[in-house]
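Chains, contacts and geometry: an overview
Next come the chains, spelled out residue by residue.
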Amino acid sequence: MKKLIFIAGVIIIIIVFLILGRSIYMPFVNKVKGKETVDSRIENIQENAWNRLEKNLNLAGYKMDYPKEIILVAFKEERILQVYAKNYNGIKMIKEYPFTSYSGELGPKLKEGDRQIPEGIYEVEYLNPNSSYYLSIKVSYPNKFDKSKTELTNVSDMGGDIFIHGKSVTIGCIPIGDETIEEVFLLTQKAINNNVKVIISPRDFRINSNYPKIKNIDWENELYERINNELKTLPNN
């Protein structure tokens, strides 16, 4: 009986490590497999991702082509990521994706380790083709507004490794699963030369205009007014 309990315990530990310890072991896996580049990843995923996106892109007016400018919008309360395309005809939503996991609560990220998904207006910094979570898109947290509001002596204590990524685990990032991150990764790569904006909001203020009250800060209305003004430029699909 003790032997069975021991074996079961080991199996549980291994499973938990495989799920939560990707940031530890995946760099070694990637090293053994060889480093991918953004171009090599795009070559591998483009055909299947395009087939899944084609109908949505056609409906948005992008027949046989990719948008040159996109906006990524994440809503924490609704737990969805929306992708919008912008051209001379205006802004249209292409597709939305549910979060596959979630951590923290409504309210901005204030420090490293608080498990909070940031809230604010950001940009894509770069694409990571060798992510521990399959593929990932780096978000430019902390931005100037975040830094202006921190009470920390060292800005680096605010944290900074915030990504939109695959898989279904998170401690402050936005996971959307492997197949769906391929689509967002591809769309972002095609538009990255035009500075891809990332809006992260506690909720969709176009539907619920009430600003959440956040403990321990007195500047949430200022933040949410900024976010709300950005959301007003988008269609309410």
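For the structure itself, look to the data block above.
Before going further, it helps to examine helix α3 (residues 38-59). Taking 1.5 Å of rise per residue, 22 residues should cover 32 Å, yet α3 covers just 27 Å from first to last C-alpha, more than 12% shy of that figure. Of all the bends in α3, the greatest, near 50°, is centred on Gln-46. Listed in full, the buried residues belonging to α3 are Ser-40, Arg-41, Ile-42, Ile-45, Ala-49, Trp-50, Leu-53 and Leu-57. Contacts made by the buried residues of α3 are with β3 (90-98), β4 (120-131), β5 (134-139) and α5 (178-191).

Ranked by internal contacts, the top residues of the largest apolar core, which has 42 residues, are Leu-72 and Ile-164. Secondary-structure elements contributing two or more residues to this core are α3, β1 (70-75), β2 (80-87), β3, β4, β5, α5 and β8 (197-201). When near neighbours in sequence (up to four residues on either side) are disregarded, Ile-164 contacts Leu-72, Leu-81, Leu-135, Ser-136, Ile-137, Val-139, Ile-174, Ile-176 and Ile-181. With 17 residues, the next largest nonpolar core counts Val-73, Ile-217, Tyr-224 and Leu-231 among its residues.

Moving on to helix α6 (residues 220-231). Each full turn of the α-helix corresponds to 3.6 residues, which orients residues three or four apart in the same direction. For α6, with 12 residues, the first-to-last C-alpha span of 16 Å sits near the 16 Å given by 1.5 Å per residue. The set of residues buried in α6 consists of Glu-220, Leu-223, Tyr-224, Ile-227, Asn-228 and Leu-231. The buried residues of α6 occupy one face: seen down the axis, they fall within an arc of 130°. Elements that come into contact with the buried residues of α6 comprise β1, β4, α4 (144-149) and β8.

In this section: the environment of Tyr-97. Note on placement: Tyr-97 falls in strand β3. Take Tyr-97: its relative accessible area is 2%, and that puts it in the buried class. For Tyr-97 and Ala-74, which are 23 residues apart along the polypeptide, the C-alpha to C-alpha distance reads 9.3 Å. For Tyr-97, the residues in contact, after removing those within four places along its chain, are Leu-53, Arg-79, Ile-80, Leu-81, Val-83, Ile-176, Thr-180, Glu-183 and Val-184. Separated by 2.7 Å, the side chains of Tyr-97 and Glu-183 make a polar contact.

Conventions adopted
- Residues numbered from 1 in each chain as written.
- Predicted model: local features only at pLDDT ≥ 70, side-chain atom pairs only at ≥ 80, totals over all residues.
- Heavy atoms only, no water.
- Helix = DSSP H or I, 4+ residues; strand = E, 2+ residues; numbered from the N terminus.
- Expected span 1.5 Å × (residues − 1).
- Bend = angle between axes of the 7 residues up to and from the residue.
- Buried < 20%, exposed > 50% of the residue type's maximum accessible area, 1.4 Å probe, protein only.
- Contact = heavy atoms within 4.5 Å.
- Core = buried A, V, L, I, M, F, W, Y, C linked by side-chain atoms within 4.5 Å.
- Arc of directions from axis to C-beta.
- Polar contact = N/O pair within 3.5 Å; in protein donor to acceptor, adjacent residues only side chain to side chain.

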